[in-house]
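What follows is the residue order along each chain.
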Amino acid sequence: MPANLPAEAKAAWLKVMEAKTPEDKLKALEEFLSTVPKHKGTEKLIKQVRRRIAELRREIQERREKERSLRSGGGSRLYVSKEGDLQVAVVGPPSSGKTALIRCLTNTPLQPDDIPFSTVEPVPSMFIEDGVYVQLVKTPSILVQQQSDVNVITLASVRNADAVILVVDSGVELETVERLISYFEDEGIYLYQPRNYVKIERRGLGGIQILGSGRVVGKTLNDVKKLLNEYGIYHAVVYINGEVTLDDVEEALYIERQYKPTIVILSKRDLYKPRGEVLEYLNKLGIPYYEANLASCDISRRSLLENLLRLTGRIRVFTKPIHMKTYMEKPLVVKAGSTVGDVANQIHSSLVKTFKYAVVWRRETFPNWPKRVGLDYVLQDGDVVEIHA
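Since this is a predicted model, take the numbers as computed values, not measurements.

Can you help me understand the overall build of the chain in this one?
Each helix and strand in the chain was counted, giving 12 helices and 18 strands. Relative to the 2.2 N^0.38 estimate, which gives 21 Å for 389 residues, the radius of gyration of the chain is 24 Å and therefore close to what a compact globule would have. Principal-axis analysis of the C-alpha atoms places the extent of the chain at approximately 70 × 55 × 50 Å. Across the 389 residues that make up the chain, the buried fraction comes to 48%. Only carbon and sulfur atoms are counted for the fraction: they give 49% of the accessible area of the chain, which is about 19500 Å². Charged side chains in the chain number 56 positive and 50 negative. The centres of these two groups are separated by 3 Å.

Whenever I open this one, the nonpolar core confuses me. Can you help?
The nonpolar side chains of a soluble globular protein tend to be buried, and buried together. Formed by 35 residues in total, the largest nonpolar core has its most connected members in Phe-32, Ile-200 and Tyr-254. Of all the secondary structure elements, the ones that give two or more residues to this core are α1 (7-18), α2 (22-35), α3 (43-67), β6 (197-202), α7 (221-230), β9 (236-241) and α8 (246-254). The leading source of residues in this core is α3, at 6 residues. In contact with Ile-200, other than residues within four places in its own chain, are Leu-228, Ala-236, Val-237, Val-238, Val-249, Ala-252 and Leu-253. Judged by nonpolar contacts, the second largest core, of 28 residues, contains Val-177, Phe-184, Ile-189 and Leu-266.

Which parts of the structure should I look at to understand the sheet that holds strand β18 (residues 383-388)?
For sheets, the rule is that strands pair by backbone hydrogen bonds, running either parallel or antiparallel. The 5 strands lie next to each other as β15-β14-β18-β16-β17, forming an open sheet whose pairing is mixed. Edge positions in the sheet fall to β15 (332-335) and β17 (371-373), since each of these pairs with one other strand and no more. The average angle at which neighbouring strand axes cross in this sheet is 35°, direction not considered. Here helix α11 (residues 340-347) sits on the sheet and contacts β14 (314-319), β15, β16 (357-362), β17 and β18; the angle it forms with β15, its principal contact strand, is near 130°.

Would you take a moment to explain the sheet that holds strand β3 (residues 132-138) for this structure?
With mixed pairing, the 6 strands of this open sheet are ordered in space as β2-β3-β1-β4-β12-β13. Each end of this open sheet is capped by a strand with a single partner; those strands are β2 (123-129) and β13 (289-291). Geometrically, the sheet is characterised by an average inter-axis angle of 25° between neighbouring strands, direction not taken into account. Sheet strands in contact with helix α9 (residues 276-285) are β12 (262-267) and β13, and its direction is about 155° off that of β13.

Would you explain the pairing of β2 in this entry?
Side chains on a regular strand alternate between the two faces of the sheet. Relative to β3, β2 is paired through 7 bridges, and the arrangement is antiparallel. What sits directly across from Val-123, in β3, is Lys-138. Adjacent in sequence and paired antiparallel, β2 and β3 are bridged by 2 residues, among which Asp-130 carries a positive phi angle near 55°.

How should the pattern of salt bridges be read in this particular structure?
Evaluated as defined, the whole model comprises 27 salt bridges. Asp-162 is the partner of Lys-82 in a salt bridge, and the nearest nitrogen-oxygen pair spans 3.0 Å. Of the two residues, Lys-82 is situated in the loop between α3 and β1 (86-91) and Asp-162 in the loop between α5 (149-160) and β4 (163-169); the sequence distance between them amounts to 80 residues. We classify Lys-82 as partly exposed; its relative accessible area is 45%. The salt bridge involving Asp-162 is made with Arg-314; its shortest N-O contact spans 3.6 Å. Here Asp-162, found in the loop between α5 and β4, pairs with Arg-314, found in strand β14; they are 152 residues apart in sequence, far enough to count as distant. Connected via shared salt-bridge partners are Glu-129, Asp-130, Arg-301, Arg-302, Glu-306, Arg-316, Arg-363 and Asp-381.

Cut-offs applied
- Residues numbered from 1 in each chain as written.
- Predicted model: local features only at pLDDT ≥ 70, side-chain atom pairs only at ≥ 80, totals over all residues.
- Heavy atoms only, no water.
- Helix = DSSP H or I, 4+ residues; strand = E, 2+ residues; numbered from the N terminus.
- Rg over C-alpha atoms; globule rule 2.2 N^0.38 Å.
- Buried < 20%, exposed > 50% of the residue type's maximum accessible area, 1.4 Å probe, protein only.
- Areas by Shrake-Rupley, 256 points an atom, 1.4 Å probe, with all protein chains shown as cover.
- Lys, Arg positive; Asp, Glu negative; His and termini not counted.
- Charge placed at Lys NZ, Arg CZ, Asp CG, Glu CD.
- Core = buried A, V, L, I, M, F, W, Y, C linked by side-chain atoms within 4.5 Å.
- Contact = heavy atoms within 4.5 Å.
- Pairing = 2+ DSSP bridges.
- Axes fitted to C-alpha atoms, helices over the stretch in contact; angles between N-to-C directions.
- Salt bridge = Lys/Arg side-chain N within 4 Å of Asp/Glu carboxyl O.

Keep in mind these values describe shape, not function.
Okay, structure coming up:
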C-alpha cells in the first residue's frame, strides 16, 4: 500500500482532503491519480481511487438530473435516503434469496429478478417489528470477480447503511463466503469487528493525538507525527485498535475503512444443509447467522430485530405520557448508554430545561416497581420512561 509516494502525490492528496464539494473532490482525485506511480505497491490504492471517482461521477450526475426534474428519465440512485430507526443493506450473490427475505419481512410485493443482475439500483422496503422500523434496502447482486456499475451502487448503499444482511445459499462453499467478505474488506468495509484498525480524524487544533487500546509496532508518536506532517496534517486524532504498522496509518489516510455490523442469512435450508466449515468460519469472525427456509418464511423476526439492535448499539425506550395509563407502542430507538436527559432532549429540548424528575419501569414488569430517577440515569433496553417537567 502507498509506501514512499512522491512528494507531488502527497501534496495532491492534501487537495483531495481539503475539497468541499463533489465536483472539487472529483477534480482533486483525478489530479492525484495522475501523480501516483503505477507499480504493484500502488495497485490497491489506484483501485480505491478509481472506485471513488466512479461514485462521485454517478453522484454528481444524479444530483444534476434531480435539479432538472428528469429523474424519471434515467440514472440509478447510488443509495437510498435513510428512513425509520435503522437502515440495513441486503446484499448477496445473484439468486441467493435477497428478494425472498424482504418479502418475508415486509409487505413489499417485490418479485425476484427474471434475469440475474437486472436490479440496477437499490430498492427500499420497511421491516416493522415491536414498533421498530427497519428500512431494508435490496442492493444489486454483487460481482466479486470484477468491477462494475452495480458494484459501485451496492458498495455505496452498504457505506450509507447502519448494518448489513448478507444472504447466501445454505449450501454455499467456504471459499465463496471468504471471497465475499474479502471483497468488501478490499473496498474498505469490514463485515466483522476488526482486531487491527486505524481511523484518522482531522481536527482544527490539538496537535496529533493517538487514542484507543492499540499501538503502532516499533514506532513512536513522533514517527506518526512526522508521517502526517508530510501530508500537511498537523492536528488529528488517530484511533488505533490492536497492533498496526506505520504503513497501516498511512493507508488510513487514503482508505476510509468502516465496520458494518453484519448478519448472514443462510437461505434455502429446505434444499441444502449448511457446511460445517462455513459455520465455523462465521463463528470465528463473530458474525451471527440464521439458517432460513425463506420459501415458507421460516425465520425469527423478533430474534433478527434483537440482533440488529445489539450489533448496532441501539436500545428501545418506551415513553409514557403522564395522562395515559400505559406507554406508547412505538419506542424511541437510541444509542446504548443513553440517559433520561438524552431521551428528554430528543422528545423536545424544553423538557431538559423544565425537567423535575422521571419515573422508569422495566417493560416486562410495568406498571409495577416504578423507580424515580434524574436526568443522568442510564436507560436499558425496554425501559419505560415518564418525564415530569
